[in-house]
Amino acid sequence: MARLRLPVLLILVALVTVTPFVVMVLVAFAPPGGQTLPGAFDLTRATWRNFSDVLGSADIMRWALNSLIYSVVSVVLILLFSSMAGYAFAKKRFPGREVLFWSFLATLMVPFQATLIPYYILVSELGGVDTYWGMIVPTLANSQAVFLMRQFIHQLPDELFEAAKIDGASEWRIYTTVVLPLIRPVLATLGVFVFLWHWNDFLWPLVIGQSADMRTLTVGLATLEGENVAVNQIMAGATITVVPCLLVFGLLQRYLTDSIATTGLKT
């Protein structure tokens, strides 16, 4: 019985986690007209009608494009900036390095809601309301990403960088040919997390994207609840939003497991 406690606990946690997702999918495939549980359990009446109605909406496709731009561009820029900063904090020596790093890391203790108004005022004064750059730029200074990169790069042998310098490699050459190839697992892991954070982000896109054309999928689906849209179509749209997340995780799963397996090991 003692050996079964942990598996049983894990099964219960898995059921609690998966149940809302299963209910969402069942309601999404239920016949149109607002049918929910328990009628959604009748799989003989399952239909693709809700998905076709949602995908046929021009607004949904626009919202999906906005979410894709917001997520992909943020992933690329955050990985670039955080890997550069992590390399500098881990392997470079300059005055005030530790103070600057820990001051930057201290921003993790400040909730985003506390900085929401200053962010909005600053972006608004710069003319970034209802723009892609106004949505993306404030999220690029990611303390967690810099910390993760710094810790991973810190484990790399100093001899690699010294040999590159002896060969006459520039800092940019060292970064592109030595650092980036060695941190591919952590780049993929961080890329998955950053993509999920931005794809599911709600508060900042809601504040900065004030027009219907600048809504993301999460914000757009939330607005449908007040427009007398059937719950089946809303659940179909929510199911569609999960698909890109599953694709990204599936494509980068190998790198994710490699990163977890090598965490804490000396190279």
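Heads up: the structure comes first, above all this text.
First things first, this report covers the structure right here in the doc.

About the criteria used
Residues numbered from 1 in each chain as written. Predicted model: local features only at pLDDT ≥ 70, side-chain atom pairs only at ≥ 80, totals over all residues. Heavy atoms only, no water. Helix = DSSP H or I, 4+ residues; strand = E, 2+ residues; numbered from the N terminus. Expected span 1.5 Å × (residues − 1). Buried < 20%, exposed > 50% of the residue type's maximum accessible area, 1.4 Å probe, protein only. Polar contact = N/O pair within 3.5 Å; in protein donor to acceptor, adjacent residues only side chain to side chain. Axes fitted to C-alpha atoms, helices over the stretch in contact; angles between N-to-C directions. Left-handed = near helix turned anticlockwise from the far one by under 90°. Contact = heavy atoms within 4.5 Å. Nonpolar A, V, L, I, M, F, W, Y, C, P; charged D, E, K, R; others polar. Parallel < 35°, antiparallel > 145°, perpendicular 65-115°, else oblique. Phe/Tyr/Trp six-rings, centres within 6.5 Å; stacked < 30°, edge-to-face > 60°. Salt bridge = Lys/Arg side-chain N within 4 Å of Asp/Glu carboxyl O.

A closer look at helix α7 (residues 143–154)
Then step 1. Over its 12 residues, α7 runs 16 Å from end to end, which matches the ideal 16 Å to within 8%, given 1.5 Å per residue.
Then step 2. All of the buried residues along α7 are S143, A145, V146, M149, R150, F152 and I153.
Then step 3. At the N-terminal end of α7, a side-chain oxygen is found 3.1 Å from the backbone nitrogen of Q144, two or three residues along, and the residue is N142.

Quick notes on the packing of helix α8 (residues 158–166) against helix α9 (residues 171–182)
Then step 1. Interaxial distance between α8 and α9 falls to 10 Å at its minimum, and their mutual angle equals 145°. The handedness of the crossing between α8 and α9 comes out as right-handed. Contacts from L160, F161, A164 and K165 of α8 reach α9 at E171, I174, V178, V179 and L182.
Then step 2. Residue composition of the contact of α8 with α9, by class: seven nonpolar, no polar and two charged.

Let's talk about the packing of helix α12 (residues 217–224) against helix α13 (residues 231–251)
Then step 1. Packing of α12 against α13 leaves a shortest axis separation of 10 Å and a crossing angle of 170°. On the basis of their axis angle, the class for α12 and α13 is roughly antiparallel. Residues L217, L221 and L224 of α12 form the contact with α13, whose own contacting residues are I234, G237, A238 and T241.
Then step 2. Looking at the contact of α12 with α13 residue by residue, the classes come out as five nonpolar, two polar and no charged.

Things to note about the side chain of T218
Then step 1. By secondary structure assignment, the location of T218 is in helix α12.
Then step 2. Reaching out from T218, the side chain makes a polar contact with the backbone oxygen of D201 at a distance of 2.7 Å.
Then step 3. A polar contact is formed between the side chain of T218 and the side chain of T216, at a distance of 3.2 Å.
Then step 4. Once residues lying within four places of it in the same chain are set aside, the contact partners of T218 are W199, N200, D201 and F202.

Let's talk about unusual backbone geometry
Then step 1. Even without being glycine, D130 reaches a positive phi, approximately 65°.
Then step 2. Within the secondary structure, D130 sits in the loop between α5 (112–125) and α6 (132–136).

So, the packing of aromatic side chains
Then step 1. Evaluation of the coordinates by the stated rule reveals 14 aromatic pairs.
Then step 2. Pairing W48 with F51 gives two aromatic rings, centres 5.6 Å apart and planes at 55°, and the pair type is tilted.
Then step 3. For W48, a relative accessible area of 61% puts it in the exposed group.
Then step 4. A relative accessible area of 9% places F51 in the buried class.

A look at the pattern of salt bridges
Then step 1. This structure, assessed with the given rule, holds four salt bridges.
Then step 2. The shortest N-O distance in the salt bridge between D158 and K91 comes to 2.6 Å. With D158 in helix α8 and K91 in helix α3 (residues 58–91), this residue pair connects regions lying 67 residues apart in the sequence.
Then step 3. Among the residues examined, D158 registers a relative accessible area of 40% and is labelled partly exposed.
Then step 4. Take K91: its relative accessible area is 14%, and that puts it in the buried class.
Then step 5. Across the pair K92 and E171 runs a salt bridge, and its minimum N-O distance is 2.7 Å. One end of the pair, K92, is in the loop between α3 and α4 (97–106); the other, E171, is in helix α9, and 79 residues separate them in sequence.
Then step 6. Given the relative accessible area of 19%, K92 is considered buried.
Then step 7. For E171, a relative accessible area of 39% gives the class partly exposed.
Then step 8. Through salt bridges that share partners, R97, E98 and R150 make up one connected network.

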